[in-house]
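Architecture at a glance
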Amino acid sequence: MDKDSYLKGFEDCLDLILIELRKAKNLEDAKVRVEVIYTELKENKYEVIRKMLNLD
């Protein structure tokens, strides 16, 4: 993976996290939201993440 691709992926990750933090009602809700994203990624459920980022 080249540097530009890596940086773009990292930027996309931060975008998704910021979106979820803005939606969160409190710190516990934010934690749950981030954990769900992490779990989805680890389980290779890229389609869910693509939809969260509106990459369709």
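Residues numbered from 1 in each chain as written. Predicted model: local features only at pLDDT ≥ 70, side-chain atom pairs only at ≥ 80, totals over all residues. Heavy atoms only, no water.

Once that is clear, we can look at the overall build of the protein. In terms of regular secondary structure, the protein is built from three helices and zero strands. Reading the helices (α) and strands (β) of the protein from amino to carboxyl end gives α-α-α. If one aligns the C-alpha atoms of the protein with their principal axes, the spans along those axes are about 35 × 20 × 20 Å. About 4,800 Å² of surface is accessible on the protein, with carbon and sulfur atoms providing 58% of the total. In the protein, 11 side chains carry a positive charge and 13 a negative one; their mean positions are 3 Å apart. (Helix = DSSP H or I, 4+ residues; strand = E, 2+ residues; numbered from the N terminus. Areas by Shrake-Rupley, 256 points an atom, 1.4 Å probe, with all protein chains shown as cover. Lys, Arg positive; Asp, Glu negative; His and termini not counted. Charge placed at Lys NZ, Arg CZ, Asp CG, Glu CD.)

To continue, consider the pattern of salt bridges. Going through the model one piece at a time under the given rule, you end up with four salt bridges. Taking the shortest distance from any N to any O, the salt bridge between Lys8 and Asp12 comes out at 2.9 Å. With Lys8 and Asp12 both in helix 1 (residues 3–23) and four residues apart, the pair spans about one turn of that helix. Judged by relative accessible area, Asp12 falls into the partly exposed class, the value being 22%. For Arg33, the salt bridge goes to Asp29, with nearest N and O atoms at 3.2 Å. Note that Arg33 and Asp29 are positioned in helix 2 (residues 27–42) at a spacing of four residues, about one turn of the helix. Residue classification places Arg33 among the partly exposed positions, given a relative accessible area of 22%. Each of the salt bridges in this network shares a partner with another, and the network as a whole consists of Glu20, Lys23, Asp29 and Arg33. (Salt bridge = Lys/Arg side-chain N within 4 Å of Asp/Glu carboxyl O. Buried < 20%, exposed > 50% of the residue type's maximum accessible area, 1.4 Å probe, protein only.)

Viewed as axis vectors pointing N to C, helix 1 and helix 2 meet at an angle of 145°, and their least axial separation amounts to 9 Å. Note that helix 1 runs across helix 2; the crossing there is right-handed. Packed against helix 1, whose contacting residues are Leu16, Ile17, Glu20, Leu21 and Lys23, the element helix 2 presents Asp29, Ala30, Arg33, Val34 and Ile37 at the interface. Within the contact of helix 1 with helix 2, the residues separate by chemical class into six nonpolar, no polar and four charged. (Axes fitted to C-alpha atoms, helices over the stretch in contact; angles between N-to-C directions. Left-handed = near helix turned anticlockwise from the far one by under 90°. Contact = heavy atoms within 4.5 Å. Nonpolar A, V, L, I, M, F, W, Y, C, P; charged D, E, K, R; others polar.)

What follows concerns the side chain of Glu20. Of note, Glu20 is situated in helix 1. Among the residues examined, Glu20 registers a relative accessible area of 5% and is labelled buried. With residues up to four places along the chain from it excluded, the contact list for Glu20 reads Arg33, Ile37 and Met52.

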